[in-house]
Amino acid sequence: MIMFLCVFMISLVIVRLLIAATNYFSFAYLPNVKQMTSKPFISILIPARNEEENIGVLLKQLSKLEYSELEIIVYDDHSTDNTQSIIDHWAAKQAPIKIMNGKELPQGWLGKNYACHQLAQQAKGDILLFLDADVSVDKDIIKRSISHFEEHELQLLSVFPKQIFKSLGEKVSVPLLNYILLSLLPLFLIRKSRSVIFSAANGQFMMFKAATYKALWPHESFKSHRVEDIAIIRMYKQKGLASDTCLGDNDISCRMYPNLNTAVAGFTKNIFQFFGDSKLVTVCFGLITTLGPFLVYFYLGKWWLIAYMLGTLSIRLFVSLASQQSVVQNILLAVPQHLVFLFIIVKGLINNKQRKILWKGRNILQD
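Rules and cut-offs
Residues numbered from 1 in each chain as written. Predicted model: local features only at pLDDT ≥ 70, side-chain atom pairs only at ≥ 80, totals over all residues. Heavy atoms only, no water. Helix = DSSP H or I, 4+ residues; strand = E, 2+ residues; numbered from the N terminus. Buried < 20%, exposed > 50% of the residue type's maximum accessible area, 1.4 Å probe, protein only. Contact = heavy atoms within 4.5 Å. Phe/Tyr/Trp six-rings, centres within 6.5 Å; stacked < 30°, edge-to-face > 60°. Lys NZ or Arg CZ within 6 Å of the ring centre and 35° of its normal. Axes fitted to C-alpha atoms, helices over the stretch in contact; angles between N-to-C directions. Parallel < 35°, antiparallel > 145°, perpendicular 65-115°, else oblique. Left-handed = near helix turned anticlockwise from the far one by under 90°. Nonpolar A, V, L, I, M, F, W, Y, C, P; charged D, E, K, R; others polar. Salt bridge = Lys/Arg side-chain N within 4 Å of Asp/Glu carboxyl O. Polar contact = N/O pair within 3.5 Å; in protein donor to acceptor, adjacent residues only side chain to side chain. Pairing = 2+ DSSP bridges. Expected span 1.5 Å × (residues − 1).

1. With respect to the environment of Leu-119
Moving on, step 1. Structurally, Leu-119 is set in helix α4 (residues 111–122).
Moving on, step 2. For Leu-119, a relative accessible area of 0% translates into the label buried.
Moving on, step 3. Along the sequence, Leu-119 and Leu-187 sit 68 residues apart, while their C-alpha atoms lie 29 Å from each other.
Moving on, step 4. Ignoring sequence-local partners within four residues, the contact set of Leu-119 consists of Leu-45, Ile-46, Pro-47, Ile-73, Val-74, Tyr-75 and Met-100.

Printed below as a string of structure tokens:
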């Protein structure tokens, strides 16, 4: 039994290494502009709740976009800081910017999902682009997105922004997102395969064909789902609607969390959804990746351990390269990153048992 487990652990490392290498060598980034057969009118929709540190930066960047056929609508979701005054400032300077004041959150809805639904109802664009307020964009991002969207006749396009981290707490937590994603899912299969298994999306950047979105109203369909982005792309793939997910580069980036505590809180609310919404699979993955080196050493010997460790380090190498992150930093911080990952799993289990996950002042895990 133990020998079988060791073989499984080694096989898992090999598979994850192949996936990570594939994601790197397939150049899974949002492509540069190839062709634009039209200039569709775009609604850029931004849900914002207590985003005074980010919203002004994003609106300034959007004002410099080299794309004129657009409107920008910001939904102020009962912010208690200076978010609204900053939006008002930019709305007075830029005609395409509009502000929506948040309504009372209805029973059964999560805040962001409701904000996105309200924004979509007001949007006039042929294409809807949902952006998180903490995202940073460069002037070519719209042209690149539209070019890729049209070339492959997509109904949904999502992009994982390049992650920026400055503090040590961010460096031992934020890279976990891509470490999991890029070693378990070949991104090219999201568009190429019809299987729902190959699904991933990031709510920080989600672009929809408006007519299809308004026929389905996906944010309403998943109004209480904590990881609505993944649920939505799975629904689109189930319906046979062309979808794709790419990695971002310098044209779209994000400092997702400013410190370790916020990062842990953020990842805790959706850690199980990274593994198919299964607590069992999540815990098993955590145990296997933790116990793997010890079991391989004690039952197979040091040479197998060396091979196993080279495999795991190579996974980090390819994930770091594909994510445009520091290879040396992620290898040196591999152990503390893994300890944070285990802590997030334990905290997630506790929160689910207590039926309480607080995010931006709201309990998002209510019955």
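Moving on from the model shown.
2. Concerning unusual backbone geometry
Moving on, step 1. Backbone geometry places Phe-27, a non-glycine residue, at a positive phi of 50°.
Moving on, step 2. Tracing the sequence through the fold places Phe-27 in the loop between α1 (2–25) and β1 (42–48).
Moving on, step 3. The phi torsion at His-78 lies on the positive side, around 55°, for a residue other than glycine.
Moving on, step 4. Positionally, His-78 belongs in the loop between β2 (70–76) and α3 (83–93).
Moving on, step 5. The exposure class assigned to His-78 is partly exposed, which follows from its relative accessible area of 37%.

3. Overview of the packing of aromatic side chains
Moving on, step 1. One pass over the full model with this rule turns up 15 aromatic pairs.
Moving on, step 2. Taking the centre distance of 5.0 Å and the plane angle of 70° together, the rings of Phe-208 and Tyr-213 count as edge-to-face. In this pair, the class of Phe-208 matches that of Tyr-213, namely buried.
Moving on, step 3. Here the basic side chain of Lys-39 rests over the ring of Tyr-67, its NZ or CZ set 5.2 Å away from the ring centre.
Moving on, step 4. Lys-279 extends its terminal NZ or CZ atom over the ring of Phe-272, reaching a point 5.6 Å from the ring centre.

4. Things to note about the packing of helix α12 (residues 260–268) against helix α16 (residues 334–354)
Moving on, step 1. Between α12 and α16, whose axes approach to 9 Å, the crossing angle comes to 55°. With respect to each other, α12 and α16 are oriented oblique. Taken as a pair, α12 and α16 cross one another with a handedness that is right-handed. When α12 is examined against α16, the residues Leu-260, Val-264, Phe-267 and Thr-268 are found in contact with a partner set consisting of Val-340, Phe-343, Ile-344, Lys-347, Gly-348 and Asn-351.
Moving on, step 2. Class assignment of the residues belonging to the contact of α12 with α16 gives a composition of 6 nonpolar, 3 polar and 1 charged.

5. Concerning the pattern of salt bridges
Moving on, step 1. A full pass over the atoms with the stated rule returns 6 salt bridges.
Moving on, step 2. Arg-144 is paired through a salt bridge with Asp-251; the nearest N and O atoms lie 2.8 Å apart. Residue Arg-144 is found in helix α5 (residues 141–151), and its partner Asp-251 is found in the loop between β9 (243–247) and β10 (252–254); the two are separated by 107 residues along the sequence. In terms of burial, Arg-144 and Asp-251 fall into one category: buried.

6. Side note on the side chain of Asn-330
Moving on, step 1. If you trace the backbone, Asn-330 turns up in helix α15 (residues 327–332).
Moving on, step 2. Among the residues examined, Asn-330 registers a relative accessible area of 3% and is labelled buried.
Moving on, step 3. Among the polar contacts made by the side chain of Asn-330, one reaches the side chain of Ser-320 at a distance of 2.9 Å.
Moving on, step 4. Engagement of the side chain of Asn-330 in a polar contact is seen with the side chain of Gln-337, the distance being 3.1 Å.

7. Brief notes about the pairing of β9
Moving on, step 1. Counting buried positions along β9 gives 5 out of 5 residues, so the element sits mostly inside the fold.
Moving on, step 2. Of the two faces of β9, both are covered, the one formed by Ser-243, Thr-245 and Leu-247 as well as the one formed by Asp-244 and Cys-246.
Moving on, step 3. Judged from the 5 bridges that link them, strand β6 (residues 156–160) and β9 form a sheet pairing that is parallel. Bridging across to β9, Ser-158 finds its partner in Thr-245.

8. Points about the sheet that holds β10
Moving on, step 1. If you walk across this open sheet you meet the 3 strands as β5-β10-β7, and the pairing is mixed. The open sheet terminates on both sides in strands that have one partner only, identified here as β5 (135–137) and β7 (162–163).
Moving on, step 2. Relative to β10, β7 is paired through 2 bridges, and the arrangement is parallel. Opposite Lys-162, over in β10, you have Ser-253 as the bridge partner.

9. Details of the environment of Gly-266
Moving on, step 1. Here Gly-266 is to be found in helix α12.
Moving on, step 2. Taking the C-alpha atoms as reference, Gly-266 lies 14 Å from Asn-352; in sequence the two are 86 residues apart.

10. Quick look at helix α14 (residues 302–323)
Moving on, step 1. The first and last C-alpha atoms of α14 sit 31 Å apart over 22 residues, in line with the 32 Å expected at 1.5 Å per residue.
Moving on, step 2. Restricting attention to buried positions, one finds in α14 the residues Leu-305, Tyr-308, Gly-311, Thr-312, Ile-315, Arg-316, Phe-318, Val-319, Ser-320, Ala-322 and Ser-323.
Moving on, step 3. Backbone geometry just downstream of α14 places Gln-324 in the positive-phi region, at approximately 60°.

11. Regarding α1
Moving on, step 1. For α1, built from 24 residues, the straight-helix expectation of 34 Å at 1.5 Å per residue is met to within 8% by its first-to-last C-alpha distance of 35 Å.
Moving on, step 2. For α1, every residue scored as buried is listed here: Cys-6, Met-9, Ile-10, Val-13, Arg-16, Ile-19, Ala-20, Ala-21 and Asn-23.
Moving on, step 3. Buried residues belonging to α1 abut α7 (176–184), α13 (279–300) and α14.
Moving on, step 4. Looking one or two residues beyond α1, the residue adopting positive phi is Phe-27, at roughly 50°.

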